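# Notes for the structure review
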Amino acid sequence: MLSLLEIILPLVLIAVITLPLIPVFRGKVDVRNAKFRVYMQVSMFFVALIGTVLITGATYAAEEVATGFQGSFGQGMGFIAASIAVSASVLGAGYAVGQAAPAAIGAISENSENFGKAMIFVALAEGVAIYGLLIAIQIIAKL
């Protein structure tokens, strides 16, 4: 059963992470201030992630002794590593496709013979996501 700390702590962390972005979405912030707020939001996300992992790791380590839980903290970290591998590769592939696809469309509109060459770069960008998925599968297979 979840304790009160395990219920409230993630909600507080989500609120702290998203509060700096409210003025950005309302359009009341200039570009320089918006960049600072986004950088702060990303850094607070990673601080919250590390804090949550440390707090829940200590909590579950104590529960493991008391309840005989079958998993371990290392397995949990392995699943987190797999999810980070997938999410980072998908974000990178999305950015790469976002940069390569418009350039490919422009090249194709100027000369239709460039279709094959242009699509190769878009397909290579999509391959990055597949590589991240393969790494995650290998990590989970080792658990």
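Here, every reference points to the structure presented above.
Just so it is clear, the structure is predicted and the values come from calculations on it, not from any experiment.

For the rest of this paragraph, the subject is the side chain of S89. As for its placement among the helices and strands, S89 is situated in helix 4 (residues 73-110). The buried category is assigned to S89, whose relative accessible area is 10%. With sequence-adjacent residues up to four places away left out, S89 is seen in contact with V128, A129, G132 and L133.

Attention now goes to the packing of helix 4 against helix 5 (residues 115-142). Each pair of packed helices gets described by two things: the angle between the helix axes and the distance between those axes. Packing of helix 4 against helix 5 leaves a shortest axis separation of 8 Å and a crossing angle of 175°. Judged by the inter-axis angle, helix 4 sits roughly antiparallel to helix 5. Partitioned by chemical class, the residues of the contact of helix 4 with helix 5 number 25 nonpolar, three polar and one charged.

We now examine a nonpolar patch on the surface. Residues L4, I7, I8, L11, V12 and V16 make up a contiguous nonpolar surface patch of about 540 Å² in total accessible area. As for its position among the elements, L11 is in helix 1 (residues 4-18).

Definitions and cut-offs
- Residues numbered from 1 in each chain as written.
- Predicted model: local features only at pLDDT ≥ 70, side-chain atom pairs only at ≥ 80, totals over all residues.
- Heavy atoms only, no water.
- Helix = DSSP H or I, 4+ residues; strand = E, 2+ residues; numbered from the N terminus.
- Buried < 20%, exposed > 50% of the residue type's maximum accessible area, 1.4 Å probe, protein only.
- Contact = heavy atoms within 4.5 Å.
- Axes fitted to C-alpha atoms, helices over the stretch in contact; angles between N-to-C directions.
- Parallel < 35°, antiparallel > 145°, perpendicular 65-115°, else oblique.
- Nonpolar A, V, L, I, M, F, W, Y, C, P; charged D, E, K, R; others polar.
- Patch = residues over 30% accessible without salt bridge, like charges linked within 9 Å, V, L, I, M, F, W, Y side chains within 5 Å.
- Areas by Shrake-Rupley, 256 points an atom, 1.4 Å probe, with all protein chains shown as cover.
- Salt bridge = Lys/Arg side-chain N within 4 Å of Asp/Glu carboxyl O.

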